[in-house]
Amino acid sequence: MPQISKSQLALLFINIIIPAAHIQVLSVSVKYSKNSAWIAVLAAYLIIAILSFVTIKLIKLYPQDSILDFSSKIMGKTIGKLFNIILFFYSFLIASFMLEQFTILVTTMVYRMTPAYILRTGIMILAVYLVSLGVEVIFRVSDIIFIIVIVFTIVIGIGLLKEIDFKMLLPIFTVDLKNFIKSTIMPMVFFGQIIIFLFFHNLLEDLSSISKTIQLSLLVGSIFVFLFVLVDLMVFGADLASRMLFPPYMLIRFINIEEVLDRAEVFMLTLWIALSFIETAVYFWISNQAIIKVFNLKYQKLNIIPLAIILLALTTVMWREKGIIGFQQYVQLGYAFSILSVQLFVPVCLYLTALFRTWKGVVNE
């Protein structure tokens, strides 16, 4: 069985938060809560931080099994397979979302004449190759990408210092409760990917202090998103930021460090390609593992290419008629609630059932 470290898993979680959260949290949260968007991100973090204890408890109850294994132990074979099917569609939908968001970003902001299927297919081929190499390689690539993320984040911070205006954050608390709640949903969706620990914890070399690892990785990932929202508001202001399709891309176009680093958006785009690639590969790997568990397949690599073809076809059909506006609307409605419901329902349901079975066993004794 492959072995990974806690730090590798923590860095992977941070990497999968960043690419989609930077775009979608900015677009949606600023739209609904204006200058209070950064508060919405904090609220979302606190909610998920509390709910993450369910993930921690499940890991401690089943340290040797991933969620694809212990779901059957808790719920029984039939219902356990049903949960694995739900997790398959969950991971498949996220992989499809990442493919399309990357495609829309590139075709809208950079290469407008490039056919979308070429970009999707290119990323998917790389993802299939990475998955075929094994889970350890995925984590090693993720480690390298995170180093680049850190370096580029520092460069962004330095480059935007002269553009920041703290007065842009005022006034706050100017939206009603309904819109504020709406603005917390999108960051909760991306922070809620803390569930990914349940797919990989059985591969960890050491499970000691796993609680601290999960909480720290959630905090660091949330800080990345929080800072981008905060800086976006301080540079553009709430009104302008709420009308932008890809706020981070536009934000980084302001960077010009003494004529040494201009056109920094090209570097950001490259970074997003890398992050989108690693997230697509991770959720494609999870989809593959879920299918293996549902159908009890012995040869794990035989279904990778057929599954990739299905994912590409599904992505093309799902998003073909939507366009960029339709995509954004779907993300705010169907996608957000579908993903968040799985992130909340599956771990909580499994944990409560496990507690009930344990309690029932004690009572029967």
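This is a predicted model, so every value here is computed, not measured. (Residues numbered from 1 in each chain as written. Predicted model: local features only at pLDDT ≥ 70, side-chain atom pairs only at ≥ 80, totals over all residues. Heavy atoms only, no water.)

A.B. asks: Could you give an account of the overall build of the chain, naming the residues involved and the relevant values?
C.D. replies: Across its full length, the chain holds 14 helices and zero strands. Its helices and strands in sequence order give the chain the pattern α-α-α-α-α-α-α-α-α-α-α-α-α-α, from N to C terminus. At 21 Å, the chain has a C-alpha radius of gyration in line with the 21 Å of a compact globule built from 365 residues. In terms of its C-alpha atoms, the chain occupies a principal-axis envelope of roughly 70 × 45 × 40 Å. (Helix = DSSP H or I, 4+ residues; strand = E, 2+ residues; numbered from the N terminus. Rg over C-alpha atoms; globule rule 2.2 N^0.38 Å.)

A.B. asks: Talk me through helix 2 (residues 37-61); I want residue IDs and the actual numbers.
C.D. replies: The terminal C-alpha atoms of helix 2, which comprises 25 residues, lie 37 Å apart, in line with the 36 Å expected from a rise of 1.5 Å per residue. Along its length, helix 2 reaches its greatest deviation from straightness, about 25°, at Ile-50. (Expected span 1.5 Å × (residues − 1). Bend = angle between axes of the 7 residues up to and from the residue.)

A.B. asks: Break down the packing of aromatic side chains for me, with residues and values.
C.D. replies: Within this structure, the stated rule accounts for twelve aromatic pairs. Plain terms: the ring middles of Phe-200 and Trp-285 are 4.9 Å apart, the flat faces sit at 20° to each other, and that makes the pair stacked. Here Phe-200 is found in helix 8 (residues 197-200), whereas its partner Trp-285 is found in helix 12 (residues 264-295), with 85 residues between them in sequence. Take Phe-200 and Trp-285: they sit in the same class, and that class is buried. (Phe/Tyr/Trp six-rings, centres within 6.5 Å; stacked < 30°, edge-to-face > 60°. Buried < 20%, exposed > 50% of the residue type's maximum accessible area, 1.4 Å probe, protein only.)

A.B. asks: For the packing of helix 5 (residues 116-133) against helix 6 (residues 135-160), give the residues involved together with the corresponding values.
C.D. replies: Axis angle and axis distance: for two packed helices, these are the angle between their axes and the distance between the axes, and together they describe the pair. The geometry of helix 5 relative to helix 6 is characterised by a closest axis approach of 5 Å and an angle of 120° between their N-to-C directions. For the element pair helix 5 / helix 6, the angle class is oblique. Of the residues in helix 6, those touching helix 5 at Leu-130, Val-131 and Leu-133 are Val-137, Ile-138 and Val-141. For the contact of helix 5 with helix 6, the residue count by class is six nonpolar, no polar and no charged. (Axes fitted to C-alpha atoms, helices over the stretch in contact; angles between N-to-C directions. Parallel < 35°, antiparallel > 145°, perpendicular 65-115°, else oblique. Contact = heavy atoms within 4.5 Å. Nonpolar A, V, L, I, M, F, W, Y, C, P; charged D, E, K, R; others polar.)

A.B. asks: Which residues make up unusual backbone geometry, and what values go with them?
C.D. replies: Even without being glycine, Lys-34 reaches a positive phi, approximately 50°. Note on placement: Lys-34 falls in the loop between helix 1 (6-33) and helix 2. Despite not being glycine, Asn-296 has its phi angle at roughly 55°, a positive value. Overall, the relative accessible area of 51% leaves Asn-296 in the exposed class.

A.B. asks: So what's going on with the nonpolar core? Residues and values would help.
C.D. replies: Core analysis: the biggest nonpolar cluster contains 130 residues, and Ile-196 and Phe-200 have the highest contact counts within it. In terms of residue count, the dominant contributor to this core is helix 4 (residues 77-109) (16 residues). Look past the residues within four positions of Phe-200 in its chain and what remains in contact with it is Ile-4, Leu-9, Leu-12, Val-135, Phe-139, Val-282, Trp-285 and Ile-286. (Core = buried A, V, L, I, M, F, W, Y, C linked by side-chain atoms within 4.5 Å.)

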